[in-house]
Amino acid sequence: MEKFVSIKPFSKELEKRISRNPLLNIDTFIIPSPYILDRELTKDFEHSYVWMEEGEIMGYILVYSHLESRVFHIYKVVTSPFGRGRGIGTFLIEHLTRNLPEDSYLYLYIWQRQPDTVEFFVKKGFVQGEPLVYRNLVYTHLSAKKENVLIDPRKESREEVEPREEIGRTRHDARKTLRLLSSMVDMLSVDNGSRIIEDINRETTSLMNTLNSYRNSMDIVHKVNVRELIMERIIPYVEASHISCEFQLILKIKRPVALGSHVFIGRALINLVSNSLEAIEEAGREGRITMILDKTADKIRLTLSDNGVGIDQDKLEKGPDGIPLFVGKTTKGTHSGEGLGTVQIFSTFGGDNIEVTSTPGEGAVWRIFMDKFSLEQDRWFIQMERRYYEFDLLMDDLFFDESTERQTVITYIWQMRKMEIFLFDVICQFSKYNNIRDIYRTFLSYRMSVLDRQGFIKASEGWNSDYPTLKEWVIKLADEVKRRRDYLERSVNPDKFRGSLFKSWGQALENIIIFTLNPEKNRFLATDRKLAEHLDFAPYLDSDKEKLLRGEFAGDINNLSHPLFLGVWQVKDEEDLMKKLRLIRSGARSLVAIGINPEKKLAFYQTTYVRHSRDINTDLSSTLGKFANIPDGELDRFARETEDDLQGFVMMQD
């Protein structure tokens, strides 16, 4: 397969398709900016390209040129929400450069509030020129000769992990989490019920992320706050263990933010602590684990010491690959286990970043070095600020009514949703000092007109963050989201656009989206999983929760292989079980009716309150279309016996 087989030449027909595609017209601000200084330039179809996958346009680059003088202006580079993060824009720019005549000259303009984009083009060999003021906005002029534009050779993708090896690691980590959940269940009491259920929620989400990491190959690098990870995952893990152990965390660094994968680092630390606990149990003494976070010149250092049985010196010797001999082999005296935990630890951090010492019979010490997330705060805030100003300054109002072309309204919906998703990203930045679910519930009350604006502003007075301006952003964005949604509901019949309103959540590619659905009225409310529970939406959906459904999905709703989940809060008896299965069928029919593909895979949530000897079978799956058409007589095959020890148990606090 050729490297650029998905890149096709631009044409007038493709241009028409792009103009009708809301996914390619939702950007509030096109990067680079669409501005032409030289009016002698004309649209250059020969040197403009689209990126197509299975007939769908995922991105394009539009170029204007003066062929005689070999001057080329990069006018637009646009990527679909479902193609972002894959380097499509970079590929298009490199493809353009390769196909330009020799001695060509390229230039473009970039809004000054996009320093990360300017930096990208400077690294590609472009030179900054004099700024330009256009419509009261300042733009940076960048230019380069073809021979000066750096085209990085595409690195060969890393070797695929042998599937059986990866599923073995995932199974290994899942078993650890399931053991932890079992221990938490044993600890439940009247006094600690709320806290333990919250811990169960968190570990359930962690287990989902672990399984998703296998499903989606989640090896994306991002920032990881190691202190928060330890507080959220490791301390509850130690507390829930049946092994008596004192745990101490010593912080010698103010913000231990590392560069890596949150999922993989979390898995590695769980494996590390799990091995220490097992070594302590084998030693038969009161346990002690100490974690120290400090820093070296350019690394974050995590030191873990325990007083377990230790590791024999001959196993600490390194093999030809530079990895200690104990890695991949169990160090337990009982010789149980597969040693996969140590493999996962070393694969996450790398052998060069791990030092292990031990005194057999007394304990072991691990020193793990992680790359710092350099300029984390400033770079993050600059990017957030740029996104905010895109909405604040550059989003034009759309005016429409029932006679307006449907695609115009759909574009408006996707733009509105993009703003709402950004609002949620901003709310998440308050998590250091506030309960972000309380902030979201306040926004939801305002959004649904239960709370007036003055009440919303008064509630915001108690919100704190490292960046005071974020509070102003939340208020302004909340005002705009509410204004736009109210305008939509006044101007058109929302029932005609339920499908677009639902699918537009798929822009949040890195989020798990939960929703609560009223199948009878085809109404739903949705948000990021971190910000709410399904029950938060129930008061706004004009029905008792027994007639509502809990739902969840991740990524593009048009990706048929990724399941959409539906479930209920409780099943009281056999009659109620059949009633709830019919309710889920109504939900499937509702989603198909608003335009969700009937071939979309359907899976089932575990029922929240298990009160009956039978429950919905979460091991089975279907598609929306098949389940929507299943007759009453066949619903029973989607039920199963409930394990005795789960009857009456609250599976999730929701």
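Residues numbered from 1 in each chain as written. Predicted model: local features only at pLDDT ≥ 70, side-chain atom pairs only at ≥ 80, totals over all residues. Heavy atoms only, no water.

**Side note on the overall build of the protein**
Each helix and strand counted, the protein has 17 helices and 26 strands in total. For the protein, the residues scored as buried account for 53% of the 654 residues in total. Across the protein, contacts joining residues at least 24 apart in sequence account for 71% of those joining residues at least 6 apart. Carbon and sulfur atoms provide 49% of the accessible area of the protein, an area that totals close to 31,000 Å². (Helix = DSSP H or I, 4+ residues; strand = E, 2+ residues; numbered from the N terminus. Buried < 20%, exposed > 50% of the residue type's maximum accessible area, 1.4 Å probe, protein only. Contact = heavy atoms within 4.5 Å. Areas by Shrake-Rupley, 256 points an atom, 1.4 Å probe, with all protein chains shown as cover.)

**Some details on the environment of L24**
With respect to the helices, strands and loops of the structure, L24 is situated in the loop between α1 (12-20) and β2 (42-43). Look at L24 and you get buried, because its relative accessible area is 2%. Note: C-alpha distance between L24 and I57 (33 residues apart in sequence) is 8.5 Å. In contact with L24, other than residues within four places in its own chain, are I18, I57, M58, G59, Y60, V78, T79 and S80.

**Digging into the sheet that holds strand β15 (residues 354-359)**
Reading across from one edge, β11-β13-β14-β16-β15 is the order of the 5 strands in this open sheet, with mixed pairing throughout. Each edge of the open sheet is held by one strand with a lone partner, namely β11 (245-251) and β15. Averaged over all adjacent pairs, the angle separating strand axes in this sheet is 10 degrees, with direction ignored. As paired strands, strand β13 (residues 287-295) and strand β14 (residues 299-306) are joined by 7 bridges and run antiparallel to one another. Note on β14: the bridge partner recorded for I289 is D306. Each of β11, β13, β14 and β16 (363-371) touches helix α6 (residues 226-240); the most contacted strand, β11, lies at about 175 degrees to it. (Pairing = 2+ DSSP bridges. Axes fitted to C-alpha atoms, helices over the stretch in contact; angles between N-to-C directions.)

**Let's talk about unusual backbone geometry**
Of note, the phi angle at R70 is positive, near 60 degrees, even though the residue is not glycine. As for its position among the elements, R70 is in the loop between β4 (56-66) and β5 (71-79). For R70, a relative accessible area of 34% gives the class partly exposed. In the Ramachandran plot, D103 falls in the positive-phi region, its phi being about 65 degrees despite a non-glycine side chain. Within the element layout of this structure, D103 appears in the loop between α2 (88-98) and β6 (105-111).

**Quick notes on the packing of aromatic side chains**
Geometrically, a pair of aromatic rings is defined through the distance of the ring centres and the angle of the planes. Taken as a whole and judged by the stated rule, the model has 33 aromatic pairs. Both rings, one in Y105 and one in Y107, keep their centres 6.2 Å apart while their planes meet at 35 degrees; by these two values the pair is tilted. For Y105, a relative accessible area of 30% translates into the label partly exposed. Relative accessible area serves as the criterion here: at 6%, Y107 is assigned to the buried category. (Phe/Tyr/Trp six-rings, centres within 6.5 Å; stacked < 30°, edge-to-face > 60°.)

**A short note on the nonpolar core**
Of all hydrophobic cores here, the largest spans 138 residues; its most connected members are F502 and F627. Ranked by residues supplied to this core, first place goes to helix α11 (residues 406-428) with 14 residues. Residues I265, I289, L304 and I368 belong to the second largest nonpolar core, which totals 39 residues. (Core = buried A, V, L, I, M, F, W, Y, C linked by side-chain atoms within 4.5 Å.)

**Structural notes on helix α7 (residues 262-283)**
Turn by turn, an α-helix covers 3.6 residues, leaving residues three or four places apart pointing in a common direction. For α7, with 22 residues, the first-to-last C-alpha span of 32 Å sits near the 32 Å given by 1.5 Å per residue. Burial analysis of α7 places 16 of its 22 residues in the buried class, which makes it a mostly covered element. G284 occupies a position one or two residues after α7 and carries a positive phi of about 70 degrees. (Expected span 1.5 Å × (residues − 1).)

**Re the side chain of Q507**
Looking at the secondary structure, you find Q507 in the loop between α15 (498-503) and β17 (512-518). Note on Q507: relative accessible area 11%, which makes it buried. In this structure the side chain of Q507 is engaged in a polar contact, spanning 3.1 Å, whose partner is the backbone oxygen of S504. With sequence-adjacent residues up to four places away left out, Q507 is seen in contact with I26, P81, F82, W414, R417, K418 and I421. (Polar contact = N/O pair within 3.5 Å; in protein donor to acceptor, adjacent residues only side chain to side chain.)

**Observations concerning the environment of I7**
Locating I7 in the fold gives a position in strand β1 (residues 7-9). Residues I7 and H95, spaced 88 residues apart in sequence, show a C-alpha to C-alpha distance of 8.4 Å. If we skip the residues at most four places from it in the chain, I7 touches Y49, V50, W51, F91, L92 and H95.

**Structural notes on a positive patch on the surface**
A grouping of K12, K16, R17 and R20 is seen on the molecular surface, where their side chains present a positively charged patch. Mapped onto the fold, R20 is located in helix α1. (Patch = residues over 30% accessible without salt bridge, like charges linked within 9 Å, V, L, I, M, F, W, Y side chains within 5 Å. Salt bridge = Lys/Arg side-chain N within 4 Å of Asp/Glu carboxyl O. Lys, Arg positive; Asp, Glu negative; His and termini not counted. Charge placed at Lys NZ, Arg CZ, Asp CG, Glu CD.)

**Some points on the pairing of strand β19 (residues 549-554)**
Judged by how many residues are buried, β19 sits mostly within the fold: 5 of 6 residues are covered. Pairing of β17 with β19, which is carried by 6 bridges, proceeds in the antiparallel orientation. Following the sheet pairing, F515 is matched in β19 by G551.

**Quick look at the pattern of salt bridges**
The full count for this structure, using the stated rule, is 28 salt bridges. D486 is the salt-bridge partner of K482, the closest N and O atoms lying 3.3 Å from each other. With a gap of 4 residues between them, K482 and D486 both fall in helix α14 (residues 469-491), about one helical turn apart. Residue K482 is classed as buried on the basis of its relative accessible area, which comes to 12%. Given a relative accessible area of 22%, D486 falls into the partly exposed group. Where R529 meets E533, a salt bridge forms, and the shortest distance between an N and an O atom there is 3.0 Å. Taken as a pair, R529 and E533 share a single burial class, namely buried. Connected through salt bridges with shared partners, the residues R437, R529, E533 and E552 form a single ionic network.

**Things to note about the sheet that holds β17**
Here 6 strands make up an open sheet; going across it, the order is β18-β17-β19-β20-β22-β25 and the pairing mixed. The open sheet has two edge strands, β18 (523-528) and β25 (622-623), and neither has a second partner. Bridge count for β19 against strand β20 (residues 564-567) is 3 bridges, and the pairing is antiparallel. Along β20, the bridge assignment pairs G551 with L566.

**Brief notes about the side chain of T140**
Within the secondary structure, T140 is located in strand β9 (residues 137-145). For T140, a relative accessible area of 13% corresponds to the buried category. Apart from the residues lying within four places of it in its own chain, the contact partners of T140 are L108, Y109, I110, Q112, V118 and Q128.

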